[in-house]
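# Reading the structure
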Amino acid sequence: MTGKIVILTGAGLSAESGLGTFRDKDGIWTQHSLEDVATPEGFARDPALVHGFYNARRVQAAKASPNAAHHALARLQQEWKAPVVIVTQNVDGLHEAAGAEVVHMHGRLAGALCHRCAHRWDAPPEMSPDDPCPACRQPATRPDVVWFGEVPYHMEAIVAHLSDSDLFVAIGTSGQVYPAAGFVAEAAQAGAETLEINLERTDISGAFEAHRLGPASEVVPAWVESLLPRDG
Ligand code: NAD
Ligand code: ZN
């Protein structure tokens, strides 16, 4: 394989950096219902609760460091002779912290968005429903993250990348959240090889030709080593 690689990453990639996935028992995501903290309706009902939830996520993400898997993907992107497009569902900034360039299909904790005028700016560490938008001055600020029921960002570009990919790899994602869960089918349709890297098999493992099972911090660097010549 020497061609273009498209990589989709999910919460499992950041699990070993101390950021919980949806499925972690006792994890932060299980202390609130997704309907309350990750939907436009939940935000309309109780914006203070939702801001509080994302403020806590933002603090936690700011303290976290990229792990060996984030570093290996950044190295692959820098050294591979063909394009390596990394699309992430993660809203933490750990890919960038490792030096990679990524497409944030679910937005970023570090971003703020005005739901009246669509202005975007850097989120302060603490956001509140009373904060005025810097552009229109309305108290209409929200985290720039994509909630359930909203359309992910950059879909047109992502679909175009999938359609001319030679290898599609999904890492640490459960395959339960669409449209990302459908990317493997689109890539396969376009003739790409497909590889799933996860701690365990997922609901959509059957859609992938190849699998590497284990913790991302071990499996991803080993996979990257298999593609790139060793240093020195
Ligand atoms: P998910 O929680 O549904 O699934 C996580 C997957 O990672 C599971 O399949 C699990 O088996 C696997 N996994 C867990 N630990 C792993 C490890 N150490 N190595 C390899 N794989 C591991 O997450 P998802 O599929 O990304 O769900 C998408 C939604 O989760 C997105 O909307 C995203 O915004 C949100 N989310 C993001 C973060 C973050 O930014 N770090 C954290 C939690 C949830
Ligand atoms: Zn505004």
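Residues numbered from 1 in each chain as written. Chains lettered and ligands numbered in written order. Predicted model: local features only at pLDDT ≥ 70, side-chain atom pairs only at ≥ 80, totals over all residues. Heavy atoms only, no water.

Residues Ile 7, Leu 76, Val 169, Val 220 and Trp 223 are the most contacted members of the largest nonpolar core, which totals 26 residues. Breaking this core down by element, the ones donating at least two residues are strand 1 (5–9), helix 5 (68–79), strand 2 (84–88), strand 7 (167–171), strand 8 (193–198) and helix 9 (216–227). Apart from the residues lying within four places of it in its own chain, the contact partners of Leu 76 are Ile 5, Ile 7, Val 84, Trp 223, Val 224, Leu 227 and Leu 228. Among the nonpolar cores identified, the runner-up in size contains 18 residues, and Met 155, Phe 168, Ala 170 and Val 184 belong to it. (Core = buried A, V, L, I, M, F, W, Y, C linked by side-chain atoms within 4.5 Å. Buried < 20%, exposed > 50% of the residue type's maximum accessible area, 1.4 Å probe, protein only. Helix = DSSP H or I, 4+ residues; strand = E, 2+ residues; numbered from the N terminus. Contact = heavy atoms within 4.5 Å.)

So, about the sheet that holds strand 4 (residues 107–114). Spatially, 3 strands are ordered 5-4-6 in an open sheet, and the strand pairing comes out antiparallel. Edge positions in the sheet fall to strand 5 (120–122) and strand 6 (141–145), since each of these pairs with one other strand and no more. When the angles between neighbouring strand axes are averaged without regard to direction, this sheet yields 45°. Where strand 4 and strand 6 come together, 4 bridges link them in antiparallel fashion. When the bridges of strand 6 are listed, Gly 107 appears paired with Val 145. Sitting on the sheet, helix 4 (residues 47–63) touches strand 4 and strand 6, and the angle it makes with strand 6 is about 50°. (Pairing = 2+ DSSP bridges. Axes fitted to C-alpha atoms, helices over the stretch in contact; angles between N-to-C directions.)

The next thing to look at is the pairing of strand 8. Working note: regular strand, side chains alternate between the two faces of the sheet. Of all 6 residues in strand 8, 5 are buried, a share of seventy percent or more. With 5 bridges joining them, strand 7 and strand 8 adopt parallel strand pairing. Across the sheet, the residue bridging to Val 169 is Leu 195, located in strand 8. Two elements, strand 8 and strand 9 (residues 210–213), share 4 bridges in a ladder whose sense is parallel. Paired with Ile 197 across the bridge in strand 9 is Arg 212.

Turning to the pairing of strand 4, a few remarks are in order. Burial within strand 4 is extensive, with 6 of its 8 residues counted as buried. In the sheet, strand 4 pairs with strand 5 via 3 bridges, with the strands oriented antiparallel. Counterpart to Leu 113 in the pairing with strand 5 is Arg 120.

Looking now at the coordination of the zinc ion (ligand 2). Bound to the zinc ion (ligand 2) are the protein donor atoms Cys 114 (SG), Cys 117 (SG), Cys 133 (SG) and Cys 136 (SG), situated 2.3 to 2.4 Å from the metal. Note that the zinc ion (ligand 2) binds 4 donor atoms; their angles at the metal cover 106 to 116°, and the shape is tetrahedral. Counting the intervening residues between successive donors of the zinc ion (ligand 2) yields the motif C-x2-C-x15-C-x2-C. Cys 114 gets classed as buried once you look at its relative accessible area, which sits at 1%. (Donors = N, O, S within 2.8 Å, 3.2 Å for Na, K, Ca; no water. Tetrahedral: all angles 85-135°; square planar, octahedral: opposite > 155°, others 65-115°.)

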